[in-house]
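# Report on the structure
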Amino acid sequence: MMQNTIKCFLFLAASPFLLSGCNTTPTQKPIHPLPQNTRPVLLSPQATTTNPPHTLQLQQPPANYIVWLNQADHKQRVQLYEQYLKEHHANRAVPMYQLLRSARDWQKCGAEPYSVPTPELWSNLLPTLQVIQYLAETGVLREYEVTSVYRDYSLNLCAGGAAGSRHVYNAAVDFRIGVASPTHAEDFVLLEYTKTKLCDFWRNHGQSINMGLGVYASGQIHIDTQGYRTWGADHTRNTSICQ
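Now for a look at the structure at hand. (Residues numbered from 1 in each chain as written. Predicted model: local features only at pLDDT ≥ 70, side-chain atom pairs only at ≥ 80, totals over all residues. Heavy atoms only, no water.)

Before going further, it helps to spend a moment on the side chain of Ser148. With respect to the element layout, Ser148 can be found in strand 3 (residues 144-148). Residue Ser148 is classed as buried on the basis of its relative accessible area of 1%. Within polar-contact distance, the side chain of Ser148 engages the side chain of Arg151 at 2.9 Å. Discounting chain neighbours no more than four positions away, the residues touching Ser148 are Arg101, Ser102, Ala103, His167, Ala172, Val173 and Asp174. (Helix = DSSP H or I, 4+ residues; strand = E, 2+ residues; numbered from the N terminus. Buried < 20%, exposed > 50% of the residue type's maximum accessible area, 1.4 Å probe, protein only. Polar contact = N/O pair within 3.5 Å; in protein donor to acceptor, adjacent residues only side chain to side chain. Contact = heavy atoms within 4.5 Å.)

Set out below in structure tokens:
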């Protein structure tokens, strides 16, 4: 059944998106469009279940998100972004407040904890969200929390991201498996189970959907759909557990 469902992926030609309207400084390097040879992949809505994953039902927005949401024009921009995701069937796997998280080091970098990408970048995230949604709805992902999605250029560099990071283009998602500090045996069982399932999925289907998978010992995971590759602790293929 898995194989039949994977065949429901729709391959769409990528369009370049310039990174405009970001909170960058005048001295920063310009951001180039996404490579022309990348081919995002969308999961057909008909290929997934209609029940949202449990992560959307159990987690409530933190207090600092509510405060941020009610500042400036954030609420209006979030509503437009959320509506866009609903219209494209990509709103079932990640709560909105998690989807807007900028970087775990936002405070150290003098940035905001949440960020709405400019509309030119919204479509870049659709293929990755559809893959995560598929993984959640088929039980590969059970307990997870998204920790970072879109980062502007300066925040990405400050947070230790690569200059060409897909986070800058709103095309990648970082998430944590299970609890932040695993201590119980079941926490580690969940970690290993999920990592194994993710690697299996990447080996079997990653090339056909252009999937990038980073797996770290801490339980942090990176997924994008901008190139078939895998890496581990040192950000190279050599340390990936998916080999």
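All right, on to the pairing of strand 6 (residues 220-224) then. Judged by how many residues are buried, strand 6 sits mostly within the fold: 5 of 5 residues are covered. Judged by which residues are buried, strand 6 turns out to be covered on both faces: Gln220, His222 and Asp224 on one side and Ile221 and Ile223 on the other are all buried. Alignment of strand 4 (residues 172-177) against strand 6, held across 5 bridges, turns out to be antiparallel. Note that in strand 6 the partner of Val173 across the bridge is Ile223. Judged from the 4 bridges that link them, strand 5 (residues 212-215) and strand 6 form a sheet pairing that is antiparallel. Across the sheet, the residue bridging to Leu213 is Ile223, located in strand 6. A loop of 4 residues connects strand 5 with strand 6, the two strands running antiparallel in sequence, and Gly219 in this loop sits at a positive phi of about 100°. (Pairing = 2+ DSSP bridges.)

Here the focus is the side chain of Arg92. On the secondary structure map, Arg92 appears in the loop between helix 4 (74-87) and helix 5 (96-99). In terms of polar contacts, Arg92 uses its side chain to reach the side chain of Glu137, at 2.7 Å.

What we call a disulfide is simply a covalent bond connecting the sulfur atoms of a pair of cysteines. Overall, the coordinates contain 2 disulfides when judged by the stated rule. Each sulfur in the disulfide pair Cys109 and Cys158 lies 2.1 Å from the other. On the sign convention where negative means left-handed, the S-S torsion of about -95° between Cys109 and Cys158 marks this disulfide as left-handed. Residue Cys109 is located in the loop between helix 5 and helix 6 (122-137), and its partner Cys158 is located in helix 7 (residues 153-158); the two are separated by 49 residues in the primary sequence. With its sulfur 2.1 Å from that of its partner, Cys199 forms a disulfide with Cys242. The S-S bond linking Cys199 to Cys242 shows a torsion near -70°; that makes this disulfide left-handed. One end of the pair, Cys199, is in helix 8 (residues 185-205); the other, Cys242, is in the segment after strand 7 (229-231), and 43 residues separate them in sequence. Neither Cys199 nor Cys242 differs from the other in exposure class; each is buried. What links to what in the chain: the bonded cysteines, counted in sequence order, pair as 1-2, 3-4. (Disulfide = S-S within 2.5 Å.)

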